[in-house]
Amino acid sequence: MEKMRLEKQKNILFFSYSGELTLEVCNDLKQQLEPLFDEDNFSIFGADLAETTFLDSSGIGFLVSLNNRMKQAGKTMALVTPSQQVVKTLKLVLLLSYFKVVDSRAALESLS
Amino acid sequence: MNRVQRYFFRTRATTSNSRKLVKSVMAVLTEFLHDEDTLYSLDLALTEACFNAARHAYDQGMEGDVEVALSVDCQRSLVRFAVSDWGRGVSDKDDSLPGETAVSGRGFFIIAQVADKVKWVRRKNKKSCVFSKQIAEGLWKKCV
């Protein structure tokens, strides 16, 4: 079952998602996250995708859109410990190096 | 002796039905192949093709089906999918890779990257995206 979580730690907002990040869920997720773009109480957005079991082109579009929006808002976004499946999909579309990727939540702090 | 196994799956073309359909197809394919990496790639390509049918084949308010025909050819070490709809078909079959900041348009690129061959077939009002992949000999679990 798909599940989204948001957690705030200092200036970092963690988004984690378990399950399949696909066309089925991306529109709902976008709507849920939309209010965040106006918030100024975080400067780093960490997308924890360790439990994301499948990523399709809509899921890619969702991540790219988040990255674009965070950049526009002057914030930094990084993927945190992406699963093998997420890495495989992003490699396939040559986007793995486009995203900042960190291997732990603690490593996000160094981005600030 | 005919060594091609054929399976047919069909459902209403909604996003949620389409993903369930793909999972049914992959459950069958998992009986033949054991390589997780190959299975994931095929799952991804098939999902793109089925979601595309669910999103674009039928105009709003118009309902229709999506069908997957799976062929497993053990003799030729080949897996083939035909994803069909009875709607307006796909007008934009561009499989080039969009720019890094693009938020859509990577579906056909993924199919083209995963598959060895992709073709579009139209028979009367049935439109199909047909793609196949050669599977290395060591990746087969069973071949009857």
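In the block above lies the structure referred to throughout.
Residues numbered from 1 in each chain as written. Chains lettered and ligands numbered in written order. Predicted model: local features only at pLDDT ≥ 70, side-chain atom pairs only at ≥ 80, totals over all residues. Heavy atoms only, no water.

This brings us to the overall build of chain A. When helices and strands are tallied, chain A shows four helices and six strands. When the helices and strands of chain A are listed from N to C terminus, the series reads β-β-α-β-β-α-β-α-β-α. In terms of overall dimensions, chain A has a C-alpha envelope of 30 × 25 × 25 Å along the principal axes. When contacts within chain A are restricted to residue pairs at least 6 apart in sequence, those whose partners lie at least 24 apart make up 71%. Of the accessible surface of chain A, which amounts to about 5300 Å², a share of 46% is contributed by carbon and sulfur atoms. Taken as two groups, the 12 positive and 14 negative side-chain charges of chain A have centres that lie 6 Å from each other. (Helix = DSSP H or I, 4+ residues; strand = E, 2+ residues; numbered from the N terminus. Contact = heavy atoms within 4.5 Å. Areas by Shrake-Rupley, 256 points an atom, 1.4 Å probe, with all protein chains shown as cover. Lys, Arg positive; Asp, Glu negative; His and termini not counted. Charge placed at Lys NZ, Arg CZ, Asp CG, Glu CD.)

Time to look at the interface of chain B and chain A. Accessible area lost when the parts come together is the quantity often used to give the size of an interface. Taken together, the contacts link 24 residues of chain B with 23 residues of chain A. With both chains or domains summed, chain B and chain A bury close to 2000 Å², and 65% of this area falls on carbon and sulfur atoms. We note a salt bridge from A:Glu20 to B:Arg19, for which the minimum N-O separation is 2.8 Å. At the junction of chain B with chain A, the criterion picks out nine residue pairs in polar contact (both at pLDDT 80 or more). Mapped by element, the contributors of at least two residues to the side of chain B that touches chain A are helix 1 (15-29), helix 2 (36-57) and helix 3 (107-114) of chain B. With nine residues, helix 2 of chain B is the largest single contributor of residues to the side of chain B that touches chain A. (Buried area = accessible area lost by both parts, 1.4 Å probe. Salt bridge = Lys/Arg side-chain N within 4 Å of Asp/Glu carboxyl O. Polar contact = N/O pair within 3.5 Å; in protein donor to acceptor, adjacent residues only side chain to side chain.)

A word on the pairing of strand 1 (residues 3-9) of chain A. Residue and element names in this part refer to chain A. Note that strand 1 and strand 2 (residues 12-21) share seven bridges and pair antiparallel. Its bridge partner lying in strand 2, Gln9 is registered against Ile12. Counting the residues that bridge the hairpin from strand 1 to strand 2 gives two residues, and of these Lys10 lies at a positive phi of roughly 50°. (Pairing = 2+ DSSP bridges.)

Residues and elements named next belong to chain A. Enumeration according to the criterion identifies eight aromatic pairs over all chains in this entry. Plain terms: the ring middles of Phe15 and Tyr17 are 6.5 Å apart, the flat faces sit at 15° to each other, and that makes the pair stacked. Residue Phe15 is classed as buried on the basis of its relative accessible area, which comes to 0%. We classify Tyr17 as buried; its relative accessible area is 4%. (Phe/Tyr/Trp six-rings, centres within 6.5 Å; stacked < 30°, edge-to-face > 60°. Buried < 20%, exposed > 50% of the residue type's maximum accessible area, 1.4 Å probe, protein only.)

What follows deals with the packing of helix 1 of chain B against helix 2 of chain B. All names here are of chain B. Interaxial distance between helix 1 and helix 2 falls to 9 Å at its minimum, and their mutual angle equals 150°. By the angle between their directions, the pair helix 1 and helix 2 is classed as roughly antiparallel. Judged by the sense of rotation from one axis to the other, the crossing of helix 1 with helix 2 is right-handed. Taken together, the residues of helix 2 that come into contact with helix 1 (itself represented by Thr15, Ser18, Arg19, Leu21, Val22, Val25, Met26 and Leu29) are Leu39, Leu42, Asp43, Leu46, Thr47, Cys50, Phe51 and Ala54. (Axes fitted to C-alpha atoms, helices over the stretch in contact; angles between N-to-C directions. Parallel < 35°, antiparallel > 145°, perpendicular 65-115°, else oblique. Left-handed = near helix turned anticlockwise from the far one by under 90°.)

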